[in-house]
Amino acid sequence: MSTTTSPPTPTESVEPPNGTKSLVRGTLPRWASWGVLGAAAVLAALIARLLGFGVAPFVLLTAVLYAVGISGWSRWIEGGRKATDRAFTAVVTSAFLLALTPLVSVVVTVISKGLDRFDGRFFTYSMRGVVGDGGGAYHAIMGTLITSGLATLMSVPIGLATAIYLVEYGHGRLARAITFFVDVMTGIPSIVAGLFAYALFALVFGPGTVNGFAGAVALSVLMIPIVVRSSEEMLKIVPDDLREAAFALGTPKWKVVLRVVLPTAVAGISTGVTLAIARVVGETAPLLIATGATGSTNLNPFSGQMATLSVFSYYEYASPGVPIDPSLDRAWTAALTLMLIVMVLNLVARSISLLFAPKAGR
Amino acid sequence: MSNTGQGAATARRVRKRPADQAFRGITTGAGVLILVVLAGVAAFLLIEAWPSFVAPAEEIPGEGGLVLYIWPLVFGTLLASVLALVIAAPLAVLIALFITHYAPRKLAQFLGYVVDLLAAVPSIIYGLWGFTVLAPATRGPAEWLHEYLGFIPLFAGPPSTTGRTMLTTALVLAVMILPIVTAVIREAFLQTPKLHEEASLALGATRLEMIRMAVLPFGSSSIISGSMLGLGRALGETMAVAIVLSASGGVTFNLISSGNPATIAANIALEFPESSGVAIDTLIASGLVLFAITLVVNMIARAVINRRTDFSGAS
């Protein structure tokens, strides 16, 4: 690293005598990026003031001026390759900031609009007989818990057993087919899962059968492949030494799987299951079709329509009451509640894997 | 996993335990059940949609027959999703690069976590946000596009006054699929062999040249597969589109006017609760078409991913 780090004047260190090309070129000073950024921001602010721009064009202008400025300066001192590199760094960073904007905006909007009705009444009252102000989402929260709970009860045994089959038994064509179709199944649109549950219940229990259990079936169609995928990954990383040690002690295979393999992988599997619940708990489309909606509390998943948080939020937005604001407030608060549930589930999953995961080998 | 196989073989040769047989049967049964469910999805949809195939054209909503009903929906679905992907895919590559190769390590880990979290935000929230925040915000730019680029059919206008246009829908979809596409690509970029990266840096490459020579060739197939997964998500996205897009049917490439083609999924969600009889069968038939489209897209994505696993395993 013999190149100068202090700002070089091109004539003294770069330009060799007799005009021959030097192997050493100058570098920009360390403060170059921040300096150019500051200069770009000041310049953009001036232009924005002159032309009466808003905030968004100002930020855009700053980014463009920065990219042009830094790469131009770098081209002069450091040469073309470094200049392209610096320009690309600017592009990558601004792309990241650009993408962050809507995502931050989503979170901020949901929190600021959802807090209006984030009160005790919202969590203890249903919408039975409520017109206009007041009311709550107790019935919808219970419905979400019931449908997601039932879906989990159905998906985890099936998904886990399939993962065990794939890792411990499957080697032939059947295993390959299952792996492939599980992957394909992860891509089923949620509304198609809802239509499937609707069609299934229409055929078995007569047309128009819409209840919480149908919604749970639709959700488990979406959930099973996620559970299979994550459990399979976790079972695969259980060391073979453990299995072989157990076999050597004369343990039957089923006992090896249940007593040795599963306990070793249990942390990872619980993380996967929690994330799977987080994925389906906010689903709207399948529940809209298979579970329906109601204003009253219905805790029986096997008869009658059932409200769920996501569908509740949708209908409060889509068919609001006469003063429109209380309905929209409820829609946003339901959305906020849903987002909090998803975040908490994600945090739980993260902490399970942090607390219980065996130490990584390397 | 070959060791497990040998273990199983030895165990069977010694003695066939009934419990072992039963356990194997149960797990195999669960696997087969998944195949049955997937076949069931197709079969039940087909059975329930059948009446709309044989019904006379006048009974289908719109009175033009099944093909005429579904075709504009397919068009709208493809237009919105492809547009979303065109916006999201390049951004996703750049974000993945930022997280893996530009951000400080501590920050990168945190950002990776945030991206995973955002992938789990329910779609209805994106829908409400698109309707409340994004749609009004696109009005000004849409008018600008119409004024200066109106000669391009995409921006022929006249600009919608609500902002609930195809352009807004595509933007919302792009925001929604960005986290999942980024997650897939980031995963692949992280696995770029460190030695390749260090070798190219040691030969004097700048960071951009290192990325072009070592990271992108390694991650190129993951960019394709991640995009296909994102496309699959966008195709099946229901609630966000149902809330944001103000659809009026018809086939048009005009992105900023108030007359937009609907998408299959959003159309089902909007029409289903109020439909009965043949109308429901028709909606289920359109769902079947959506199922087929996403199936093809996902199969292509998986084929690309599997080829990559073979490739990286061999090298």
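Keep in mind it's a predicted model, so treat the numbers as computed, not measured. (Residues numbered from 1 in each chain as written. Chains lettered and ligands numbered in written order. Predicted model: local features only at pLDDT ≥ 70, side-chain atom pairs only at ≥ 80, totals over all residues.)

Student: Help me understand the overall build of chain A, please; the structure alone is not making it clear to me.
Tutor: On a plain count of helices and strands, chain A comes out with 14 helices and zero strands. Counting from the amino terminus, helix and strand elements in chain A follow one another as α-α-α-α-α-α-α-α-α-α-α-α-α-α. A globule of 362 residues ought to have a C-alpha radius of gyration of about 21 Å, yet chain A, at 29 Å, is considerably larger. Taken along the three principal axes of its C-alpha coordinates, chain A extends 90 × 75 × 35 Å. A total of 362 residues make up chain A; the buried ones form 46% of that total. (Helix = DSSP H or I, 4+ residues; strand = E, 2+ residues; numbered from the N terminus. Rg over C-alpha atoms; globule rule 2.2 N^0.38 Å. Buried ≥ 20, exposed ≤ 12 C-beta atoms within 10 Å, placed from the backbone.)

Student: Honestly, the overall build of chain B in this entry has me stumped. Any pointers?
Tutor: For chain B, the count of helices and strands is twelve helices and zero strands. Counted from the first residue to the last, chain B has its helices and strands arranged as α-α-α-α-α-α-α-α-α-α-α-α. In terms of overall dimensions, chain B has a C-alpha envelope of 70 × 60 × 30 Å along the principal axes. Taken over 315 residues, chain B has a buried fraction of 48%. When contacts within chain B are restricted to residue pairs at least 6 apart in sequence, those whose partners lie at least 24 apart make up 79%. (Contact = placed C-beta atoms within 7 Å.)

Student: What is the right way to read the domain arrangement of chain B from this model?
Tutor: By convention, interface size is frequently given as the accessible area that disappears when the constituent parts associate. All names here are of chain B. The domains assigned to chain B are domain 1 (1–54) and domain 2 (59–314). Each of domain 1 and domain 2 has a C-alpha centre, and these two points are 34 Å apart. With seven residues of domain 1 at the contact, the number on the domain 2 side is ten residues. Among the residues forming the side of domain 1 that touches domain 2, the class breakdown is five nonpolar, one polar and one charged. (Domains from an automatic or database assignment. Nonpolar A, V, L, I, M, F, W, Y, C, P; charged D, E, K, R; others polar.)

Student: Would you mind going over the packing of helix 2 (residues 32–51) of chain A against helix 3 (residues 55–77) of chain A with me for this structure?
Tutor: The description of two packed helices rests on the angle between their axes and on the distance between the axes. Residues and elements named next belong to chain A. Two numbers describe how helix 2 lies on helix 3: the axes approach to 8 Å, and their chain directions differ by 135 degrees. In terms of orientation, helix 2 lies oblique with respect to helix 3. Pair helix 2 / helix 3 crosses with right-handed handedness. Across the interface between the two elements, A32, S33, V36, L37, A39, A40, A41, L43, A44, A45, I47 and A48 from helix 2 touch P57, F58, L61, T62, L65, Y66, G69, I70 and W73 from helix 3. The residue inventory of the contact of helix 2 with helix 3, partitioned by class, reads 18 nonpolar, three polar and no charged. (Axes fitted to C-alpha atoms, helices over the stretch in contact; angles between N-to-C directions. Parallel < 35°, antiparallel > 145°, perpendicular 65-115°, else oblique. Left-handed = near helix turned anticlockwise from the far one by under 90°.)

Student: Please clarify how the UniProt feature "transmembrane region" (unreviewed entry) in chain A should be interpreted in this entry.
Tutor: All names here are of chain A. Within this numbering scheme, the UniProt entry marks residues 31–52, 58–76, 88–111, 137–166, 178–204, 210–228, 256–278 and 331–357 as carrying the feature "transmembrane region" (unreviewed entry). For the annotated span residues 88–111, helix accounts for 100% and strand for 0% of the residues, and the straight-line distance between the end C-alpha atoms is 35 Å. The span residues 210–228 is 89% helix and 0% strand, and its two end C-alpha atoms sit 28 Å from each other. (UniProt positions renumbered as here; feature names shortened; annotations may be inferred.)

Student: How do you make sense of the interface of chain A and chain B when you look at a structure like this?
Tutor: In this assembly, 77 residues from chain A lie in contact with 71 residues from chain B. No other element matches the 18 residues that helix 4 (residues 80–114) of chain A contributes to the side of chain A that touches chain B. Across the side of chain A that touches chain B, the residue classes tally to 52 nonpolar, 15 polar and ten charged.

Student: Could you clarify how one ought to interpret the nonpolar core in this entry?
Tutor: Buried together is how nonpolar side chains tend to be arranged in soluble globular proteins. The biggest cluster of nonpolar side chains holds 195 residues, and the ones touching the most others in it are A:F196, A:A335, B:I125 and B:A269. Looking at this core, the element that brings in the most residues is helix 3 (residues 66–102) of chain B, giving 19 residues. Ignoring any residue separated from it by four or fewer positions in sequence, one finds A:F196 in contact with A:A218, A:V221, B:V41, B:F44 and B:L45. In this structure, A:A40, A:A63, A:Y66 and A:A90 belong to the second largest nonpolar core, which totals eight residues. (Core = buried A, V, L, I, M, F, W, Y, C linked by C-beta atoms within 7 Å.)

Student: Explain the packing of helix 4 of chain A against helix 14 (residues 324–356) of chain A here, please?
Tutor: Residues and elements named next belong to chain A. Two numbers describe how helix 4 lies on helix 14: the axes approach to 8 Å, and their chain directions differ by 125 degrees. Looking at the two axes, helix 4 sits oblique to helix 14. In this structure, the crossing between helix 4 and helix 14 has a hand that is left-handed. Here V110, I111, K113 and G114 of helix 4 lie close against helix 14, whose contacting residues are W332, T333, A335, L336 and M339. Here the contact of helix 4 with helix 14 is built from residues that sort into six nonpolar, two polar and one charged.

Student: How do you make sense of the domain arrangement of chain A when you look at a structure like this?
Tutor: All names here are of chain A. Taken as a whole, chain A is organised into domain 1 (10–116) and domain 2 (122–356). Between the C-alpha centres of domain 1 and domain 2 there is a distance of 45 Å. On the side of domain 2, six residues touch domain 1, which itself brings five residues to the contact. For the side of domain 1 that touches domain 2, the class distribution of residues is two nonpolar, one polar and two charged.

Student: Looking at this structure, I do not really get helix 5 (residues 123–137) of chain B. What am I missing?
Tutor: Three or four residues apart is the spacing at which side chains of an α-helix point the same way, because the helix has 3.6 residues per turn. In this model helix 5 of chain B runs 20 Å from its N-terminal to its C-terminal C-alpha over 15 residues, within 8% of the 21 Å that 1.5 Å per residue would give. Of all the bends in helix 5 of chain B, the greatest, near 45 degrees, is centred on B:G130. In terms of burial, helix 5 of chain B is largely enclosed, as eleven of its 15 residues are buried. Where the residues of helix 5 of chain B are buried, they touch helix 4, helix 13 (309–318) and helix 14 of chain A together with helix 7 (166–190) and helix 10 (239–244) of chain B. (Expected span 1.5 Å × (residues − 1). Bend = angle between axes of the 7 residues up to and from the residue.)

Student: Before we go on, may I ask you to explain the UniProt feature "transmembrane region" (unreviewed entry) in chain B in this structure?
Tutor: Residues and elements named next belong to chain B. Mapped onto the present numbering, the UniProt feature "transmembrane region" (unreviewed entry) falls on residues 22–47, 67–98, 110–129, 166–185, 234–256 and 276–301. For residues 67–98, the end-to-end C-alpha separation is 45 Å, with 100% helix and 0% strand making up the annotated structure. A distance of 27 Å separates the end C-alpha atoms of residues 166–185, which is 100% helix and 0% strand.

Student: Explanation requested: the UniProt feature "domain: ABC transmembrane type-1" (unreviewed entry) in chain A in the structure shown.
Tutor: The UniProt record marks residues 141–349 of chain A with the feature "domain: ABC transmembrane type-1" (unreviewed entry), using the residue numbering of this structure. Taken as a whole, residues 141–349 of chain A contains 78% helix and 0% strand, while its terminal C-alpha atoms sit 21 Å from one another.

Student: Quick question: what am I supposed to make of the environment of A:V110 here?
Tutor: Mapped onto the elements, A:V110 comes out in helix 4. Take A:V110: there are 24 C-beta atoms within 10 Å of it, and that puts it in the buried class. With 200 residues separating them along the chain, A:V110 and A:S310 place their C-alpha atoms 14 Å apart. In contact with A:V110, other than residues within four places in its own chain, are A:W332, A:A335, A:L336, A:M339 and B:I125.

Student: How should the confidence of the model for chain B be read in this particular structure?
Tutor: Detail in the predicted coordinates should be disregarded across regions flagged by low pLDDT. Residues and elements named next belong to chain B. Summing up the model confidence of chain B, the mean pLDDT is 83 and the portion of residues at 70 or higher is 92%. Note on residues 1–5: pLDDT under 50 across the span, and seven contacts to partners over four residues away in sequence or across chains. Overall fold confidence for the complex sits at a pTM of 0.84, while the interface term, ipTM, reaches 0.83. (pLDDT = per-residue confidence, 0-100.)

Student: Mind showing me how you'd approach the confidence of the model for chain A here?
Tutor: Averaged over every residue, the pLDDT of chain A is 83; the share at 70 or more is 91%. A low-confidence stretch, residues 1–16 of chain A (pLDDT under 50), is modelled with 20 contacts involving residues beyond four sequence positions or located in other chains.

Student: Hey, could you run me through the environment of A:P189 in this one?
Tutor: All names here are of chain A. Here P189 shows up in the loop between helix 7 (173–185) and helix 8 (190–205). Taking the C-beta count within 10 Å as the criterion, P189 has 27 such neighbours and is therefore assigned buried. Expressed as a C-alpha distance, the spacing of P189 and G208, which sit 19 residues apart in the sequence, is 22 Å.

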